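# Fold and geometry: a report
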Amino acid sequence: MRDVIITPRTPRRIADTLNYQEVARRLRHYAYAELRLMEAQAGWLVSIPQPELKIELSYQLFEDAGHVDAMRNRLPEVGAFDKQVLPPNVQFIRFCNELTNAEDTIERLVGLFWVLRPHLAASYHAQIEDDDSVGNNPTVRLLERAAADHETFSAWGDALLRQLIETPDEMDRALAWRNHLLELLTDAGCAGGILPPGTVQPTPITRDDSSGKRFRRENPVRDSRFRVSSYERHEGRAATDIWDQDTLLKYMFMNVEGEIEATECCGRTLYDFPDAPWELRFLVARQLWDEARHAEASLQRFFEMGGKLDMLPVRDTFPLYWGPSKNDDLGRRLVHLNQVIEGWVTDDFAMVVDICRGLGDERSAHLFEYLIADEWLHIKIGADWIPKITANDPAYRAAVMAYREQTEREHFGGLQQAAQEVAQLRGDLAAR
């Protein structure tokens, strides 16, 4: 073999600018910023009107959760001895709280796409420039991937904001909010908490000094394309309602709304239980991403079939959101969504697959097969974690199981009544 000089794909270098202790310190702080970014989007989902924006933010927050997970897993490898995520200082907590407590959709998007995401991308690139890309290559690679995500999302969000902001006054307000958040971020020494020696500056005044948990218990918000009204019984509640393409379309509408509510419910769980084990929270973020994909797939197919979002009323009781979310207890929350609802949905979708094929609708059958594949993971989340979080408290475990039995009776009792109503309807139609 001829001797040649091998050139690496990308330049790599050894450096002594950052030691392992400094890398670990920064990773803890970066992971905190990514965590707060994930939580903010999760908490906002329910109060954002457009389903397409709910879906897109769900995709993005799952990538943020992936950044947190990669950073936590890297910490022990750089001598941190644990996976603890920490803010750099109280000023950065104040910044995150202020960002999270934005008043409306425009301010929320400004905080995401004009402030925090661009800042994290710039911070990661700055560290990559100083870091040892040979010895610390695993850290450099995860920061490169995270920076690329933030740059992609920031470009998308900037374009969206420029569409949503319609007047000079709205632009002035958006820029004022951006500048206010940047001032708070500078006061914190940025995500890494790095302030030049001897820095003394007045602490900026925050608009809202609450903890960043201002998440009101209100109905989910829907945009003007939806018709939210008191509950009306209509075909499409369950697979037993489907007997032609028209009733399949109604079922698809029900599934669009159901998947949106399930996405919002997972977001609320991420937001409501910050002290739950990270491993469980990461799975909930994965489920949220799944539910958002289900909503997007169902929405696209619904439109392909000729559906319009005002064709049927959205139930003002929002059962797939309010049912689980009314529980301030994590065990009951998991039982309700991941066992009772997801268990029923898996069985129902299996019937829908066969019904769609019987109607000659292979495209819809294919969609529901993908949904079923994800539902098994969601059921497994409950099956794995309910025993873990109740392991040391037999009375608590018994209470959670009793809640499951009660919820199943209420849920399946309603479905039985619905099936009887459909049977009666079909009998009336056959008699005509």
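As shown above, the structure is provided for reference.
First, a word on scope: everything that follows refers to the structure included in this document. (Residues numbered from 1 in each chain as written. Predicted model: local features only at pLDDT ≥ 70, side-chain atom pairs only at ≥ 80, totals over all residues. Heavy atoms only, no water.)

Counting its regular elements, the protein chain contains 12 helices and two strands. When its helices and strands are written in sequence order, the protein chain yields α-α-α-α-α-α-β-α-α-β-α-α-α-α. Scaling as 2.2 N^0.38, a compact globule of 432 residues should have a C-alpha radius of gyration of about 22 Å, and the protein chain matches this with 25 Å. Seen through its C-alpha atoms, the protein chain measures out along the principal axes to roughly 85 × 65 × 60 Å. Counting across all 432 residues of the protein chain, residues that qualify as buried make up 52%. For the protein chain, contacts bridging at least 24 residues in sequence account for 81% of all contacts bridging at least 6. Here the protein chain displays about 19,900 Å² of accessible surface, and carbon together with sulfur accounts for 54% of that area. Charged side chains in the protein chain number 50 positive and 70 negative. The centres of these two groups are separated by 2 Å. (Helix = DSSP H or I, 4+ residues; strand = E, 2+ residues; numbered from the N terminus. Rg over C-alpha atoms; globule rule 2.2 N^0.38 Å. Buried < 20%, exposed > 50% of the residue type's maximum accessible area, 1.4 Å probe, protein only. Contact = heavy atoms within 4.5 Å. Areas by Shrake-Rupley, 256 points an atom, 1.4 Å probe, with all protein chains shown as cover. Lys, Arg positive; Asp, Glu negative; His and termini not counted. Charge placed at Lys NZ, Arg CZ, Asp CG, Glu CD.)

Between helix α8 (residues 278-304) and helix α10 (residues 330-358), whose axes approach to 14 Å, the crossing angle comes to 40 degrees. By crossing handedness, the relation of α8 to α10 is classed as left-handed. Of the residues in α10, those in contact with Leu280, Gln287 and Glu291 of α8 are Leu330, Leu334, Leu337, Asn338 and Glu342. For the contact of α8 with α10, the class distribution of residues is four nonpolar, two polar and two charged. (Axes fitted to C-alpha atoms, helices over the stretch in contact; angles between N-to-C directions. Left-handed = near helix turned anticlockwise from the far one by under 90°. Nonpolar A, V, L, I, M, F, W, Y, C, P; charged D, E, K, R; others polar.)

A separate point is the environment of glycine 157. Within the secondary structure, glycine 157 is located in helix α5 (residues 137-164). On a C-alpha basis, the gap between glycine 157 and arginine 173 in space is 17 Å, while along the polypeptide they are 16 residues apart.

This paragraph deals with a negative patch on the surface. On the surface, Glu166, Asp169, Glu170 and Asp172 cluster together to form a negatively charged patch. Considering the arrangement of structural elements, one finds glutamate 170 in helix α6 (residues 168-187). (Patch = residues over 30% accessible without salt bridge, like charges linked within 9 Å, V, L, I, M, F, W, Y side chains within 5 Å. Salt bridge = Lys/Arg side-chain N within 4 Å of Asp/Glu carboxyl O.)

Take helix α4 (residues 105-130) next. Taking 1.5 Å of rise per residue, 26 residues should cover 38 Å, and α4 covers 37 Å from first to last C-alpha, within 8% of that figure. Burial runs high along α4: 20 of the 26 residues are buried. A distance of 3.3 Å separates the backbone nitrogen of isoleucine 106 from a side-chain oxygen at the start of α4, and that oxygen is part of aspartate 104. (Expected span 1.5 Å × (residues − 1). Polar contact = N/O pair within 3.5 Å; in protein donor to acceptor, adjacent residues only side chain to side chain.)

This brings us to the environment of tryptophan 243. Within the fold, tryptophan 243 resides in the loop between β1 (227-229) and α7 (245-272). In the structure, tryptophan 243 is positioned 116 residues away from glutamine 127 in sequence and 60 Å away in space, judged by C-alpha atoms.

Along the polypeptide, glutamate 375 turns up in helix α11 (residues 362-389). An unpaired buried charge is present at glutamate 375: no salt bridge exists, and arginine 293, the closest side chain of opposite charge, is 9.2 Å distant. Leaving out residues up to four positions away in the same chain, glutamate 375 has contacts with Glu259, His294, Glu342, Val345, Thr346 and Phe349.

Two residues of an α-helix separated by three or four positions point the same way, owing to the 3.6 residues in each turn. Compared with the 40 Å implied by 1.5 Å per residue over 28 residues, the 40 Å span of α7 between its first and last C-alpha is a close match. Regarding α7, its N-cap is aspartate 244, as a side-chain oxygen of that residue lies 3.3 Å from the backbone nitrogen of aspartate 246 further along.

Here the focus is the packing of helix α1 (residues 20-44) against α5. Running from amino to carboxyl end, α1 crosses α5 at an angle of 30 degrees, the nearest separation of the two axes being 13 Å. On the basis of their axis angle, the class for α1 and α5 is roughly parallel. Pair α1 / α5 crosses with left-handed handedness. Contacts between α1 and α5 involve Val23, Leu27, Tyr30, Glu34 and Leu37 from the first element and Thr139, Leu142, Leu143, Ala146 and His150 from the second. When its residues are assigned to classes, the contact of α1 with α5 shows seven nonpolar, two polar and one charged. (Parallel < 35°, antiparallel > 145°, perpendicular 65-115°, else oblique.)

Turning our attention to the environment of isoleucine 260. Summarising the element assignment, isoleucine 260 is placed in helix α7. Judged by relative accessible area, which is 5%, isoleucine 260 ranks as buried. Once residues lying within four places of it in the same chain are set aside, the contact partners of isoleucine 260 are Pro51, Lys54, Arg222, Phe226 and Ala295.

Once that is clear, we can look at unusual backbone geometry. We note that phenylalanine 81 has phi near 70 degrees; this positive angle belongs to a residue other than glycine. Using a relative accessible area of 77% as the deciding quantity, one classes phenylalanine 81 as exposed.

Moving on: the pattern of salt bridges. Applying the stated criterion across every chain, the model contains 33 salt bridges. Across the salt bridge formed by arginine 173 and aspartate 104, the nearest N and O atoms sit 2.9 Å from each other. You can see arginine 173 sitting in helix α6 and its partner aspartate 104 sitting in the loop between α3 (90-100) and α4, a full 69 residues away along the chain. For arginine 173, a relative accessible area of 37% puts it in the partly exposed group. For aspartate 104, a relative accessible area of 24% gives the class partly exposed.

Spatial relationships are all this shows, so hold off on functional conclusions.
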